[in-house]
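# Geometric and topological summary
So you can see what is in the structure, the chains are spelled out below.
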Amino acid sequence: LSATAQVGCIPFHASGARSRVATGRGRLNVGTTSGIALVGAWLPSLLRLPCPWEGLRCCSDGVHALCSEAPLDVGALCHGLSRSLGEEVKPLVDPSLGVRGAEDRGGISDGGTGFDAGSCALLAHDVGSSGSNDGRRLLAWSFASEPALTRPLRVSAAAAGVVLNIHGLLAPCSTDRHSPQACLGLKLPMLWRLLPALRPRDTILFVDAYDVLLMAPPHVIQQTFDARGEAAILFSAEQGCWPDEELQDAYPSSSSPFRFLNSGVLVATAEGLHRAAEAIRRSFGGPSECIAPGRVEPGPGISDQRCYTWYFLTHGQAQKVVLDDTLRLAISAGGLPPDSCRWAASGALQCLDILLAPAAFHGNGIDGKSTLESLWTHHPAGLAALTPLEARCQAADPAATLSPLRFGHGSAPPRGWLGHAAIARARSDSALATFVDTSLCFDHTVRITAVRAALAEDGHRVAAACGRRHGGRGQARLTLQVYEVSGSGQFQLQRQAIVRWAQGMCSELTPMGPDGGPLQVETGMCLGWRVAAPGDAAPLYDEPSASLGGDGGEPCAVGAPTVLWHRAPHSIVPGGPPASFVGGAARVYSLAVFAQPGIDV
């Protein structure tokens, strides 16, 4: 383990993963699981939410949730998708891996029945803000009836660290928007059906499935949305007014040529999208009946963009609907010359001679799709030749030569929730020891401003208000520590701070800051904790099996993080000599920290 190690992120479930940690001058290398692969300094935790309607069955390509309402059992569905995609596709939920039911995190409960094995789940990123109890999630969603056309979106999203929920696969509909059975008539109703599973301030990222590349990790997408203040919906923008050109004079004036709404990429709060859905349903009934302002009959063809254009022009100001005219969310290529966009050496997308780092590229229109094909074919990381899981592993591996590309976002300091989903896990520590989590080693200086953790004390859970165990002591307490890497297995404690949750607080949901203010973690240092006093609590953990690691056929031999420990915690004091951490195991602890960029001193 060296000081160049990078912080990792493991999802809610890591069964079947194996650990590979380099020592000496090597790099820490943590990576995938046998199911959904998620790792990297730039990734928040992943959460699983219950499905909001019956009849949905989901498979996984190793990264994303691929869901259909086709009348097939999940085995037949996954087999059909495997043949269509030319990739290995398995049921999203595998009963042999011991996946638990939905955690009670404020969304819809599954009533304690757990998931129907191999049936359905929604995957969302944990992007909750620091210092508040909003617990926001970001759910990335797309509609696609034709599985084979989704490859650029799935691979680019995997490389950027975004886990997608793709619904509508194999739907009996037509890609011709002028057909009465047009697939565009299904897209919005399916999206709107997700809303009951979400909290009002959860974020939804919607992208078109066939002509979009995603180029930013979840926390960057969330920051892009948050930067627009109190916006409820942020739509991408384009240069042309489509599908109803006569509405161009109805739009507000703008100094940007990208001043017209494009619905191919949008980010919204669940509450904001619900208000839009209700207004459209109340006024028209559904997407096929939407009428442009000033008209008395629907225009030709079904268009969700017509529906959203009506909502923006009639309700936009009151409902805080804004357009991304600065191209931070997405750039829409429709109407641009073919050579307008190219990849910079850094991996960032450069368009119109301005170095941009948009979250997405949308190849709308005939000319836009031509540009998309060129960019995809010539991507500097060669993503077009990879599966989503291969792209995910390559981008997440800090030892990979191409990892700095990451669509131009790889060099940014980690920001937001990092670590592991703070949910209940199967095991707890009761022995006195101090621990170092090698997946929480930082290659940038950060300040830890908030912490969430599922905690155990004396082998029992202490989160009194989490709906599972009541009583316990008056408060939960985690002693968070910062260690400098001194050598192979050698760590020197630099500082520590206590994080407290009062009785009645759920430590899994309620972010609390360290006593004394933010805890600074310099470049090359790692986080840990101690169990040295009766009041000390340790995060609960899972210990994944090593039987399905990289040698079992996965495209990358990286796995669960190694956690090291020292059995004499009282001998380790801040500023004292380095200590040898001789114990260790591949474990996933329920600890998430909110990081903000810090300043080296």
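Overview of the structure. (Residues numbered from 1 in each chain as written. Predicted model: local features only at pLDDT ≥ 70, side-chain atom pairs only at ≥ 80, totals over all residues. Heavy atoms only, no water.)

## Re the overall build of the protein
Check the secondary structure of the protein and you find eight helices and 36 strands. When the 601 residues of the protein are sorted by exposure, 60% land in the buried category. Put simply, 77% of the contacts in the protein that link residues at least 6 apart link residues at least 24 apart. Here the protein displays about 21,700 Å² of accessible surface, and carbon together with sulfur accounts for 52% of that area. (Helix = DSSP H or I, 4+ residues; strand = E, 2+ residues; numbered from the N terminus. Buried < 20%, exposed > 50% of the residue type's maximum accessible area, 1.4 Å probe, protein only. Contact = heavy atoms within 4.5 Å. Areas by Shrake-Rupley, 256 points an atom, 1.4 Å probe, with all protein chains shown as cover.)

## Details of the layout of surface pockets
Volume-wise, the largest pocket comes out at about 870 Å³. At the level of elements, helix 3 (184-192), strand 14 (260-269), helix 6 (304-315) and helix 7 (365-377) are the ones that each hand at least two residues to the lining of the largest pocket. Across the lining of the largest pocket, the residue classes break down as nine nonpolar, 15 polar and ten charged. (1 Å grid on protein atoms, 1.4 Å probe; cavity = no way out; pocket = protein on both sides within 12 Å on 5 of 7 lines; lining within 4 Å. Points joined across faces, edges and corners; volume = space filled by probe spheres on them. Nonpolar A, V, L, I, M, F, W, Y, C, P; charged D, E, K, R; others polar.)

## Section: the pattern of salt bridges
One pass over the structure, following the stated rule, counts 20 salt bridges. Residues Asp61 and Arg154 are paired through a salt bridge, measuring 2.8 Å at the closest nitrogen-oxygen approach. Of this pair, Asp61 sits in the loop between strand 5 (57-60) and strand 6 (65-68) while Arg154 sits in helix 2 (residues 151-160), and the two are 93 residues apart along the sequence. Given the relative accessible area of 0%, Arg154 is considered buried. With a closest N to O distance of 3.3 Å, Arg295 and Asp244 form a salt bridge. Taken together, the residues Arg295 in the loop between helix 5 (270-284) and helix 6 and Asp244 in the loop between strand 13 (233-238) and strand 14 connect sequence positions 51 residues apart. Three or more residues are tied together by salt bridges with common partners; here these are Asp61, Glu87, Arg151 and Arg154. (Salt bridge = Lys/Arg side-chain N within 4 Å of Asp/Glu carboxyl O.)

## So, the pairing of strand 27 (residues 490-502)
Along a regular strand, successive side chains alternate from one face of the sheet to the other. Relative to strand 27, strand 26 (residues 475-487) is paired through twelve bridges, and the arrangement is antiparallel. Each residue of the ladder has a partner; that of Ala476, found in strand 27, is Trp501. Counting the residues between successive antiparallel strands, the hairpin from strand 26 to strand 27 contains two residues, one of them, Gly489, with a positive phi of roughly 75 degrees. Of the pairings in the sheet, the one linking strand 27 to strand 33 (residues 579-580) comprises two bridges and is antiparallel in character. Following the sheet pairing, Gln490 is matched in strand 33 by Ser580. (Pairing = 2+ DSSP bridges.)

## Quick look at helix 2
Residues three or four positions apart in an α-helix share a direction because the helix packs 3.6 residues into each turn. Most of helix 2 sits out of view: nine of its ten residues are buried. Buried within helix 2 are the following residues: Pro152, Leu153, Arg154, Val155, Ser156, Ala157, Ala158, Ala159 and Ala160. Count one or two residues on from helix 2 and you reach Gly161, which has phi positive near 85 degrees.

## Quick word on the state of the cysteines
Enumeration over the complete set of coordinates arrives at six disulfides. Note on cysteine connectivity: Cys290 is disulfide-linked to Cys307, with sulfurs 2.0 Å apart. Here the disulfide of Cys290 and Cys307 is right-handed, its torsion about the S-S bond being about 105 degrees. With Cys290 in the loop between helix 5 and helix 6 and Cys307 in helix 6, this pair connects stretches of sequence that are 17 residues apart. Cys290 gets classed as buried once you look at its relative accessible area, which sits at 1%. The buried category is assigned to Cys307, whose relative accessible area is 0%. (Disulfide = S-S within 2.5 Å.)

## Describing the sheet that holds strand 26
Taken together, the seven strands give an open sheet; going across it, the order is 33-27-26-29-22-32-34, and neighbouring strands pair in antiparallel fashion. Strands at the two margins of the open sheet, each flanked by one partner only, are strand 33 and strand 34 (583-586). The pairing of strand 26 with strand 29 (residues 525-531) spans six bridges and is antiparallel. Residue pairing for strand 29: Val482 is matched across the bridge by Leu527.

## Regarding the sheet that holds strand 20 (residues 360-362)
Ordered in space as 12-20-16, the three strands form an open sheet in which the pairing is mixed. At either margin of the open sheet sits one strand with a lone partner, and together these are strand 12 (212-214) and strand 16 (330-332). Between one strand axis and the next, the sheet turns through 10 degrees on average, direction left out of account. Against the sheet, helix 7 makes contact with strand 12 and strand 20, and its axis sits at roughly 135 degrees relative to strand 20, the strand it touches most. (Axes fitted to C-alpha atoms, helices over the stretch in contact; angles between N-to-C directions.)

## A few points about the environment of Ala454
Tracing the backbone shows Ala454 in the loop between strand 23 (446-453) and strand 24 (455-457). In the structure, Ala454 is positioned 54 residues away from Glu508 in sequence and 4.9 Å away in space, judged by C-alpha atoms. Aside from chain neighbours lying at most four places away, what touches Ala454 is Ala422, Ile423, Ala424, Ser507, Glu508, Ala538, Pro539, Leu540 and Ser590.

## Let's talk about helix 1 (residues 74-85)
With twelve residues, helix 1 extends 16 Å between its outermost C-alpha atoms, agreeing within 8% with the 16 Å of an ideal straight helix rising 1.5 Å per residue. The set of residues buried in helix 1 consists of Val74, Leu77, Cys78, Leu81, Ser82 and Leu85. Looking straight down helix 1, one finds that the buried residues subtend no more than 135 degrees of arc, so they occupy a single side. The exposed residues of helix 1 that point more than 90 degrees off its buried face are His79 and Arg83. Looking at the buried residues of helix 1, the elements they touch are strand 5, strand 6, strand 7 (90-91) and helix 2. Structurally, the start of helix 1 carries an N-cap: the backbone nitrogen of Gly75 is 3.0 Å from a side-chain oxygen of Asp73. Directly beyond the C-terminal end of helix 1, a positive phi value near 70 degrees is found at Gly86. (Expected span 1.5 Å × (residues − 1). Arc of directions from axis to C-beta. Polar contact = N/O pair within 3.5 Å; in protein donor to acceptor, adjacent residues only side chain to side chain.)

## Details of the pairing of strand 5
Burial of the side chains of strand 5 extends over both faces: Arg57 and Cys59 are buried on one face and Cys58 and Ser60 on the other. Here strand 5 runs beside strand 6; their pairing, made up of four bridges, is antiparallel. Bridge pairing in strand 6 links Arg57 to Ser68. What sits between the antiparallel neighbours strand 5 and strand 6 is a turn of four residues, in which Gly62 has the positive phi angle 100 degrees. Pairing analysis gives two bridges linking strand 5 to strand 7, with the strands arranged antiparallel. Across the sheet, residue Cys59 finds its bridge partner in strand 7, namely Pro91.

## Details of the nonpolar core
Of all hydrophobic cores here, the largest spans 84 residues; its most connected members are Leu191, Ile233, Leu273, Tyr308, Leu349 and Phe361. With seven residues, the top contributor of residues to this core is helix 5. Not counting residues up to four positions away in its chain, the partners in contact with Leu191 are Trp141, Ile204, Phe206, Leu273 and Tyr308. The next biggest cluster of nonpolar side chains, apart from the first, holds 35 residues, and it includes Leu66, Cys78, Ala216 and Phe225. (Core = buried A, V, L, I, M, F, W, Y, C linked by side-chain atoms within 4.5 Å.)

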